[in-house]
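# Observations on the three-dimensional arrangement
Spelled out, the chains give:
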Amino acid sequence: VSGLRMAYDGFEAVRGIDFDVYHGEIFGLIGPDGAGKTTTFNVLAGILDPTAGDVTLLGEPPRVARANVGYLTQQFSLFDDLSIDENLRYIAGLRDVAAEAFAERRGRYLALMDLAGIGDRLAGQLSGGMKQKLALCSALISEPRVLLLDEPTVGVDPLSRREFRSVLARLALNDVTIVVATPYLDEAERCHRVALLYDGGIRDLGTPAELEAHLNCRRLEVRAADIAATERTLEAVHDGIVDVQSFGDRVDVLVHDAPDGERVVRAALAAEGISVMTVDDEAPTLENVFVARLRELGSGTPYTLFPSVARSRAKDGALAIDAHGLTKRFGAFPAVDNVTLKVAYGEIYGLLGANGAG
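Parameters at a glance
- One numbering rule holds for all chains: residues counted from 1, following each sequence as written.
- Given that this is a predicted model, residues contribute local features only at a pLDDT of at least 70 and side-chain atom pairs are listed and counted only at 80 or more, while totals for whole chains, interfaces and linings are drawn from all residues.
- For side-chain calculations, the full set of non-hydrogen atoms in the structure is used, while hydrogens and water are omitted.
- To obtain an axis, a line is fitted to C-alpha atoms, over the contacting stretch when the element is a helix, and the angle between two such axes runs from 0 to 180 degrees between their N-to-C directions.
- In DSSP terms, a helix is any run of H or I states spanning at least four residues, a strand is any run of E spanning at least two, and both are numbered starting from the N terminus.
- An angle below 35 degrees is treated as roughly parallel, one above 145 as roughly antiparallel, one from 65 to 115 as roughly perpendicular, and anything else as oblique.
- The crossing is said to be left-handed when, going from far helix to near helix, the turn is anticlockwise and less than a right angle, and right-handed when the turn is clockwise.
- Residues are treated as being in contact if the distance between any of their heavy atoms lies within 4.5 Å.
- Residues were grouped as follows: Ala, Val, Leu, Ile, Met, Phe, Trp, Tyr, Cys and Pro as nonpolar; Asp, Glu, Lys and Arg as charged; and all remaining residues, including Gly, as polar.
- Between any two strands, pairing holds if DSSP finds at least two bridges.
- Between the first and last residue of a helix there are one fewer steps than residues, each counted as 1.5 Å, and that sum is the expected span.
- Categorising residues by exposure relies on relative accessible area from a 1.4 Å probe, with only protein chains included: less than 20% of the type maximum marks a residue as buried, more than 50% marks it as exposed, and the intermediate range marks it as partly exposed.
- An arc is given here, and it is the one of the directions from the helix axis to the C-beta atoms.
- Definition of a polar contact: a pair of N or O atoms within 3.5 Å, with one able to donate and the other able to accept a hydrogen when the atoms are protein atoms, and with sequence-neighbouring residues admitted only if both atoms are side-chain atoms.
- By definition here, a salt bridge exists when the distance from a side-chain nitrogen of Lys or Arg to a carboxyl oxygen of Asp or Glu is within 4 Å.

### Re the packing of helix H9 (residues 227-235) against helix H10 (residues 258-271)
Axis separation between H9 and H10 bottoms out at 10 Å; the angle between their running directions is 115 degrees. When the axes of H9 and H10 are compared, the pair comes out roughly perpendicular. In terms of crossing hand, the pair formed by H9 and H10 is right-handed. Along the contact surface, H9 presents Thr230, Thr233 and Leu234, while H10 presents Val265, Ala268 and Leu269. Broken down by class, the residue content of the contact of H9 with H10 amounts to 4 nonpolar, 2 polar and no charged.

### A look at the sheet that holds strand E4 (residues 52-54)
An order of E2-E1-E4 is seen for the 3 strands of this open sheet, with the pairing classed as antiparallel. A single partner strand is all that each edge strand has here, and the edge strands are strand E2 (11-17) and E4. Each neighbouring strand pair of the sheet contributes to a mean axis angle of 20 degrees, computed without reference to strand direction. Against the sheet, helix H1 (residues 37-44) engages strand E1 (2-8) and E2, with an angle of about 110 degrees to E1.

### A word on H10
Taking 1.5 Å as the rise per residue, H10 with 14 residues should run 20 Å; its terminal C-alpha atoms sit 20 Å apart, in good agreement. Of the positions making up H10, those classed as buried are Ala258, Gly261, Val265, Ala268 and Leu269. Relative to the axis of H10, the buried residues are bounded by an arc of 95 degrees and lie together on one face. For H10, the exposed residues set more than 90 degrees away from the buried face come down to Arg263, Ala270 and Ala271. The inward-facing, buried residues of H10 abut strand E10 (218-224), H9, strand E11 (241-246), strand E12 (251-255) and strand E13 (276-282). The opening residue of H10, the one whose side-chain oxygen lies 2.9 Å from the backbone nitrogen of Asp260, is Asp257. With its phi angle positive at about 70 degrees, Gly273 sits one or two positions after the end of H10.

### Some words on the pattern of salt bridges
Applying the stated criterion to the full structure yields 25 salt bridges. Taking the shortest distance from any N to any O, the salt bridge between Glu143 and Arg108 comes out at 2.7 Å. You can see Glu143 sitting in the loop between helix H5 (128-140) and strand E6 (146-150) and its partner Arg108 sitting in helix H4 (residues 99-112), a full 35 residues away along the chain. Its salt-bridge partner being Glu221, residue Arg219 comes within 2.7 Å of it at the nearest N-O pair.

### With respect to the side chain of Thr182
Looking at the secondary structure, you find Thr182 in the loop between strand E7 (177-181) and helix H7 (185-188). Only 3.0 Å separates the side chain of Thr182 from the backbone nitrogen of Tyr184, close enough to count as a polar contact. With residues up to four places along the chain from it excluded, the contact list for Thr182 reads Leu29, Ile30, Glu151, Glu187 and Ala188.

### Remarks on the environment of Gln245
Residue placement: Gln245 occurs in strand E11. Along the backbone, Gln245 and Gly31 are 214 residues apart, and their C-alpha atoms lie at a distance of 17 Å. In contact with Gln245, other than residues within four places in its own chain, are Arg250, Val251, Asp252, Leu254, Glu287, Asn288, Val291, Ala292 and Arg295. Here Asp243 takes part through its side chain, which lies 2.9 Å from a polar atom of the side chain of Gln245.

Read these as layout, nothing more, since geometry by itself doesn't imply function.
Structure, rendered in structure tokens:
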């Protein structure tokens, strides 16, 4: 990819980017929404012609190379009213996959994605994560030499995401070249190289270790009694602290010098009466790089205190959601089985479970 530009009615979504991807490499694209990742994928897939620049896949223009390219889009692009097997057979027909090859690949990829045994289920009856698995099976059914994956694991549960990563590793070992956009930085850590896109341009590129080294910082992993107060306090300290990033149960403090930084952190928190449990000196993560780079580029968000206790706005304690014995079947299949839950006004209520849990 050389000097790639893509404009829509005068708006330049991609602004002259350059990168190379090697055979058998897993190459990651990371960046916030609107950075230009999907536009780049559409050019690589031969769907869009670039406004300017040169792009080749396997030595050919993208439109010519499409027969050897698999593309998994962000949106589910298969048919809800066809079954899993019917969708796969349809894609295999478009890709001229022989019947014997289709039968072997179907079994192999459905087993890899934990979809074996439900080939007759309609795609419209699948959870969002299961649809993503089906879409990946469809992209693989022709066994492409280049695989383009635009946020393939959004909506996929953590266990299935690990399975996705294992599948990609196996494909790369078989000399399949993979370009993947992901919002999950732990996935990007497992790419051979990563490009950080922002506002249509590449702001950093290299191996995850190289990107982390580019920060020239150490990471102090701070655990304290009050995480919100810890973040708020340390954000006001500018002496020796480069950045402060909250990650739920901890605060990551980026500093140039770890011993001096720890002294500053402990002193600031002690002055506010905040009890510190641990301060650990660690290497920065790719997520630290991502957040720090975006803040440098002016993409920060204002601090908002997360409510520690839900406060009902209804004087009588009325419920916003009150469900008893909720059941939903698709034919004989029970997608939801006798669920009861209560959600108060102003409450943030989480549903946790694997894809297909209901």
